[in-house]
Amino acid sequence: MKDFLKVLRRFAMPYKRYMIGAVIGNMLSAVLNVFSFMSVLPMLHMLFGMDTTAYEFQPWQWDGIKDIAINNLYYYTTVLIGRYGHQTTLLIIGIFLCLTTFLKTASYFFSSAVMVPLRTGVVRDIRIMVYSKVLHLPLAFVTDERRGDIIARMSGDVAEVETSITSSLNMLIKDPILIIFYFFTLVFVSWQLTLFTVLVMPGLIWVMGAIGRKLKAKSLYAQNKWSETMSQLDEMLGGLRIIKAFIAEDKMLDRFSRVNNEFRDASNRVAIRQASAHPVSEFLGTCIIVLVLWFGGTLIFSNKAPIDAPTFIFYMVILYSVINPLKDLSKTSYQIPKGLASMERIDKILNTENPIKEPLKPHALAPSQPNESIVFRNVHFSYSNNSLEVIHGVDLTVPKGKTIALVGQSGSGKSTLVDLLPRYHDVTDGQILIDGIDIREFRIHDLRSLIGNVNQEAILFNDTFFNNIAFGVENATMEQVVEAAKIANAHEFIMQSEQGYDTYVGDRGCRLSGGQRQRISIARAILKNPPILILDEATSALDTESERLVQEALERLMKSRTTIAIAHRLSTIKNADEICVLHEGRIVERGTHEQLIQQGGYYKHLNDMQQL
Ligand code: ADP
Ligand code: MG
């Protein structure tokens, strides 16, 4: 319950006024309900025709209000009967019943309708929060295995929170109000019977609580299995080409079936436990009614009854009405734990601490920076606290306008090293400085707007050429985009496509070749026009022909920019101002191409191998 209130405080607060509306609507509907049932009382009285007393009007007063109320009700009925006859009176009372019922259902409708915006609002807020959180977490948080999991939490768990928590909220507002109103009515009509009822009620509540227990753990397990299902789906969609190539369809299907079966078993356990709640409460509710009926009946037979038969029936009707909200309320006791289990999973993302922090007092950053240089000073890095260090103390200076190349075996830490500059990760030790200022002192937005990236995998969005090129720039004009595309050697093939710059590139640019994709991403970098450029194996995935086109484009891009280029093929970085050879997270050789060849070390070895 405490956890539930916490969730409410976090998410439902902006929607307070809807809740207040619901409280008012529910109160009205409860009062009107009691009134509408009350009108049945004189009806029964007349129909049974057992009343021959002549009623006198009694002046209203608080003392003995109950008897006065009943008396006057009967009095007015007899007046009506005297004036219009039995039939018409019955009709008048019937119309009164219809009227109060109409008002009751109207306010009931109002109270549920007013909760709809709250429910949808909370769900929308949570989705946007998760999306925004993942968007801002460091790159390493979203590894491939987590992708499906994040999708599952975003869809399944948020939906679960919606169905269980917010609809429980509906009941949590409605039911206590109804119960309190009905309970007072019960006491008012007959405290003796009510005392008896109260004695048997706790049994029902205890049994319902027992059903709710353990449900949270079971749901948590089921939702985890759902995550696995989504992860596998994601993996399958991404790896379809390989799966087909290795004829691994059956194997994948097996794996998917296994986790799906586990999910099914877990869902079975949750749903069956849940399904038992309704019949159990129905049965216990009827038992209570029967007990009270028996007790009340005995009292009436004994002639010392505190109430007459029609009042007793009225009492039973109200008692029956109180059982329903009680049942609903017990339903929340197993729905809420389910929702809380999902909330816990969503919170795993929301509460992830973002280690990339904005500086408290950010340094202003001129767009022309760096004026002097970028300096890596004794940089150490490991991906997480308990994993091995990947970068072991790198010192590197990139002077303004120069090109520094990084070469080395795959896995030597080249990509990791350059990812530290835009702060996709933060150094674990040492510093990276731009013009002598630690990059952690700049606003992340400012820092990243200095840097342009071209990576091995060109990442395009399912959008037009125009929008893909203009991605990082607000209000780019067609001329600017065309200009950038021309420099990037992309203009020609774009114009050859059906709708020119308005052609869609397909999901992740699947309708383009690798070289074309790469030239689009270069055009994107050209348009952004950043002073610092990071090229991470930008040409490695290309054939020689497109490599030449891309290389040309890159060289135009690198002109007058401060560049760090990672290259697999040494031919592409021969002209760099300095070449650093990275080996197992350390710079082991540095110099120009000629110097390194003369040195006859690791670089020469690499070079010789590529000459073959
Ligand atoms: P390179 O770009 O030189 O091929 P990387 O910088 O990609 O090498 O990787 C360097 C090392 O860091 C490798 O040993 C790799 O296993 C490890 N590594 C890369 N990415 C991650 C990650 N997200 N989490 C943990 N370790 C990683
Ligand atoms: Mg790499």
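Computed from a predicted model, the values in this text were never measured in an experiment.

*Asks:* It is not clear to me how the site of ligand 1 should be interpreted in this structure. Could you clarify?
*Replies:* In the vicinity of ligand 1, the residues found are Y383, V390, Q409, S410, G411, S412, G413, K414, S415 and T416. Between a nitrogen atom of ligand 1 and a side-chain N or O atom of Y383, the distance comes to 3.3 Å. One nitrogen or oxygen atom from the main chain of K414 is found 2.9 Å from an oxygen atom belonging to ligand 1. Calculation on ligand 1 without its partners gives an accessible area of 550 Å², and the protein chains cover 59% of this total. Here the shell around ligand 1 takes three residues from helix α14 (residues 414-419), the largest share from any one element. Considering only residue class, the shell around ligand 1 consists of two nonpolar, seven polar and one charged.

*Asks:* So what exactly am I meant to see when it comes to unusual backbone geometry here?
*Replies:* Most peptide bonds take the trans form, and the phi angle of most residues other than glycine is negative. Even without a glycine there, the phi angle at D435 is positive, about 50 degrees. Its location among the elements puts D435 in the loop between β4 (429-434) and β5 (437-438). The exposure class of D435 is buried, given its relative accessible area of 15%. Backbone geometry at N529 places phi at a positive 55 degrees, although glycine is not the residue there.

*Asks:* Whenever I open this one, the side chain of S36 confuses me. Can you help?
*Replies:* Looking at the secondary structure, you find S36 in helix α2 (residues 16-38). Once you skip the residues sitting within four places of it in the chain, S36 turns out to touch L97, T100 and T101.

*Asks:* Help me understand the domain arrangement of the protein chain in this model?
*Replies:* Accessible area lost on assembly of the parts is the figure often given for the size of an interface. Looking at the protein chain, the domain boundaries give domain 1 (2-350) and domain 2 (373-611). Measuring from the centre of the C-alpha atoms in domain 1 to the corresponding centre in domain 2 gives 59 Å. Summing both sides of the interface, domain 1 and domain 2 together bury roughly 270 Å²; the carbon and sulfur share of this comes to 64%. If you look at where domain 1 meets domain 2, you find zero salt bridges. Applying the counting criterion to the domain 1 and domain 2 interface returns zero residue pairs in polar contact (both at pLDDT 80 or more).

*Asks:* Even after reading the chapter, I still don't get the packing of aromatic side chains, so can you show me in this structure?
*Replies:* Remark: the centre distance and the inter-plane angle together describe each pair of aromatic rings, the angle taken between the planes. Using the criterion set out here, one finds eight aromatic pairs in the structure. Between F196 and F295 the ring centres are 4.2 Å apart and the planes differ by 10 degrees, which places this aromatic pair in the stacked class. You can see F196 sitting in helix α8 (residues 191-212) and its partner F295 sitting in helix α12 (residues 277-301), a full 99 residues away along the chain. With a relative accessible area of 18%, F196 lands in the buried category. We classify F295 as partly exposed; its relative accessible area is 23%.

*Asks:* Would you explain the pairing of strand β2 (residues 389-399) in this entry?
*Replies:* A regular strand carries its side chains on alternate faces of the sheet. As defined by bridge partners, strand β1 (residues 373-382) adjoins β2 across eight bridges and the pair is classed as antiparallel. Residue F376 lies in a different strand from β2, and its bridge partner there is L396.

*Asks:* Before we go on, may I ask you to explain the packing of helix α6 (residues 116-136) against helix α13 (residues 309-350) in this structure?
*Replies:* Close contact between α6 and α13 brings their axes to 9 Å; oriented N to C, the two are set at 35 degrees. Where α6 abuts α13, its residues I126, M129, V130, K133 and V134 lie against M343, I346, I349 and L350. Looking at the contact of α6 with α13 residue by residue, the class counts come to eight nonpolar, no polar and one charged.

*Asks:* What am I meant to see in the pattern of salt bridges here?
*Replies:* Side chains that differ in charge, positive against negative, can pair when their charged atoms come close. Counting across every chain of the model gives 17 salt bridges. We note a salt bridge from K604 to D608, for which the minimum N-O separation is 3.1 Å. Placement of both K604 and D608 in helix α22 (residues 602-611) is noted, with a separation of four residues, approximately one turn of the helix. Owing to a relative accessible area of 28%, K604 belongs among the partly exposed residues under this scheme. Salt bridges here are not isolated pairs; linked through shared partners, they connect K225, E228 and E262.

*Asks:* Would you take a moment to explain the side chain of K104 for this structure?
*Replies:* Residue placement: K104 occurs in helix α5 (residues 86-113). Salt bridges are absent for the buried K104, whose nearest opposite-charge side chain, D175, sits at 13 Å. Once residues within four sequence positions are removed from consideration, K104 is found in contact with S29, L32 and N33.

Rules behind the numbers
Residues numbered from 1 in each chain as written. Chains lettered and ligands numbered in written order. Predicted model: local features only at pLDDT ≥ 70, side-chain atom pairs only at ≥ 80, totals over all residues. Heavy atoms only, no water. Near = heavy atom within 4 Å. Polar contact = N/O pair within 3.5 Å; in protein donor to acceptor, adjacent residues only side chain to side chain. Areas by Shrake-Rupley, 256 points an atom, 1.4 Å probe, with all protein chains shown as cover. Helix = DSSP H or I, 4+ residues; strand = E, 2+ residues; numbered from the N terminus. Nonpolar A, V, L, I, M, F, W, Y, C, P; charged D, E, K, R; others polar. Buried < 20%, exposed > 50% of the residue type's maximum accessible area, 1.4 Å probe, protein only. Contact = heavy atoms within 4.5 Å. Domains from an automatic or database assignment. Buried area = accessible area lost by both parts, 1.4 Å probe. Salt bridge = Lys/Arg side-chain N within 4 Å of Asp/Glu carboxyl O. Phe/Tyr/Trp six-rings, centres within 6.5 Å; stacked < 30°, edge-to-face > 60°. Pairing = 2+ DSSP bridges. Axes fitted to C-alpha atoms, helices over the stretch in contact; angles between N-to-C directions. Lys, Arg positive; Asp, Glu negative; His and termini not counted.

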